[in-house]
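# Report on the structure
Given next are the chains, with one letter for each unit.
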Amino acid sequence: MTDHEHTPALAPATPDDNLAAAFQIEGWPVRGRLVRLGQTIDTILSAHDYPEPVAALLGEACALAALVGSALKFEGRLIVQAQGDGPVRYVVADYDTSGSLRGYCRFDADEVAAASTGFARPGAQTLLGKGVFIMTLDQGPAFDRHQGITPIEGESLSLCAEHYFAQSEQVPTKVRLAVGQVTTEAGSAWRAGGAMIQMVAGDESRGSTTEVWDRSRALFQTLGDDELIDPTVSPQTLLFRLFHEDGVRLEQPLALAAVCRCSSDRIVSVLGSFSAAERAEMVEDDGLIRVTCEYCSSVYALDPASVTADAPS
């Protein structure tokens, strides 16, 4: 067996990049989160030769997964996915609460090209068609998965997320997602960003929170896509621009990295679920079985005899 152990492409975090962090507007019954993805999202999107609209859709899914997943209070995973009958059959982003992120798309290239003939980049509903948006919480094998499903609506996955929170958790939520390519001295690279605010319900001590929520939404709507992905605009600067009149504090950020969990052992385990006859049909002319990871495009070249010895037939 050719033992190809995948070495994850780690995106080192800086104070202003590849991070997820909560933020607090002083005295407001509003909670918020911010995500910035530089090298992390470029690593994920550059692993495949995606058409630009498909890469942008996957970038949105990854930013959203990190935005929501980084708020989880348990160790596990958040999986954001959408599937439909459009040119993009399936998009998935897989976030681990350690800060690891991966994702991929399945699509029909000709159909994507046909949908991309206009002046505007086709968005979620155009690319996915009629289908569903799903968020899955996975706390490991000892727990049941929790899954929320809503219809695909709008040209950004941000609208799907807002409907998900309104339907599944009855929490008023606003989400902004942005994906684009920026040019630096090193060349062109993908970047993504996301921001989310949620209303904290009123109670006897704080009274009604509706008026403050309306003001928060109005300020949040001024947030531009270019600000979310601009590497020269720090998270602190971005939040100060939005909420400086009332004071805003960015909490301790979590570093994010592009990490794929594929490995030779995992591939061997999957191949072991096939019969010996099925594995024989997979053998190529040089006598090896080759498997490509859908997420990171790593190729594993395996000796069929070793697969048989290591996994059940």
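Provided above is the structure to which this section pertains.
Report on the accompanying structure.

The rules we used
- Residues numbered from 1 in each chain as written.
- Predicted model: local features only at pLDDT ≥ 70, side-chain atom pairs only at ≥ 80, totals over all residues.
- Heavy atoms only, no water.
- Axes fitted to C-alpha atoms, helices over the stretch in contact; angles between N-to-C directions.
- Helix = DSSP H or I, 4+ residues; strand = E, 2+ residues; numbered from the N terminus.
- Parallel < 35°, antiparallel > 145°, perpendicular 65-115°, else oblique.
- Left-handed = near helix turned anticlockwise from the far one by under 90°.
- Contact = heavy atoms within 4.5 Å.
- Nonpolar A, V, L, I, M, F, W, Y, C, P; charged D, E, K, R; others polar.
- Buried < 20%, exposed > 50% of the residue type's maximum accessible area, 1.4 Å probe, protein only.
- Pairing = 2+ DSSP bridges.
- Disulfide = S-S within 2.5 Å.
- Core = buried A, V, L, I, M, F, W, Y, C linked by side-chain atoms within 4.5 Å.
- Phe/Tyr/Trp six-rings, centres within 6.5 Å; stacked < 30°, edge-to-face > 60°.
- Lys NZ or Arg CZ within 6 Å of the ring centre and 35° of its normal.

Okay, the packing of helix α1 (residues 39-46) against helix α2 (residues 52-69) next. Interaxial distance between α1 and α2 falls to 10 Å at its minimum, and their mutual angle equals 135°. Classified by the angle between their axes, α1 and α2 sit oblique to one another. Crossing geometry of α1 relative to α2 is assigned as right-handed. In this structure, α1 contributes I41, I44 and L45 to the contact, and α2 contributes A55, L58, G59 and C62. A per-class count over the contact of α1 with α2 returns six nonpolar, one polar and no charged.

What follows concerns the environment of Q39. Within the secondary structure, Q39 is located in helix α1. For the pair Q39 and R191, spaced 152 residues apart in the sequence, the C-alpha separation amounts to 7.4 Å.

Once that is clear, we can look at the pairing of strand β3 (residues 77-84). Along β3, six of the eight residues are buried, which leaves the element largely enclosed by surrounding structure. Note: β3 against strand β4 (residues 88-96), seven bridges, orientation antiparallel. Following the sheet pairing, Q83 is matched in β4 by Y90. Hairpin connection between β3 and β4: a loop of three residues separates the two successive antiparallel strands.

If you trace the six strands from one edge of the open sheet to the other, you get β7-β6-β3-β4-β5-β12, paired in mixed fashion. One side of each edge strand has no neighbouring strand; the edge strands of this open sheet are β7 (146-151) and β12 (257-258). Two strands pair when backbone bridges link them, and β4 and strand β5 (residues 100-107) are joined in this way by seven bridges, in the antiparallel orientation. For V88, the partnering residue across the bridge sits in β5 and is F107. Contacts between helix α5 (residues 157-169) and the sheet are confined to β6 (131-138) and β7, with β7 contributing the most and set at about 120° to the helix.

Another point: the state of the cysteines. The final tally for this structure, using the stated rule, is zero disulfides. The cysteine C293 is free of any disulfide, with C260 supplying the nearest cysteine sulfur at 3.5 Å. Summary of cysteine pairing: C296 is not part of a disulfide, and the nearest cysteine sulfur, belonging to C262, is at 3.6 Å.

Moving on: the nonpolar core. Among the nonpolar cores identified, the biggest contains 65 residues, and L64, L128, F133 and L157 are the most heavily contacted of them. A per-element tally of this core places α2 first, with 13 residues. Setting aside residues no more than four positions away along its own chain, L64 makes contact with V80, F133, L157, A161, V175 and L177. Formed by 19 residues, the second largest nonpolar core is a distinct cluster that contains W28, I229, L238 and F243.

What follows deals with the packing of aromatic side chains. What the rule picks out here adds up to six aromatic pairs. On the basis of an interplanar angle of 55° and a centroid distance of 6.0 Å, the ring pair of Y50 and F107 is categorised as tilted. One end of the pair, Y50, is in the loop between α1 and α2; the other, F107, is in strand β5, and 57 residues separate them in sequence. For Y50, a relative accessible area of 10% puts it in the buried group. Exposure remark for F107: the relative accessible area of 28% places this residue in the partly exposed category. Measuring from centroid to centroid gives 4.7 Å for Y104 and Y295, while their planes differ by 85°, and the two rings are edge-to-face. Highlighted residues: Y104 in strand β5 and Y295 in the loop between β13 (289-292) and β14 (299-302), separated in sequence by 191 residues. Here the two residues Y104 and Y295 agree in accessibility, since each one is buried. Within the aromatic cluster, the residues linked to one another by ring pairs are F23, W28 and F243. Across from the ring centre of Y90, 5.7 Å away, lies the NZ or CZ of R106, which sits over that ring.

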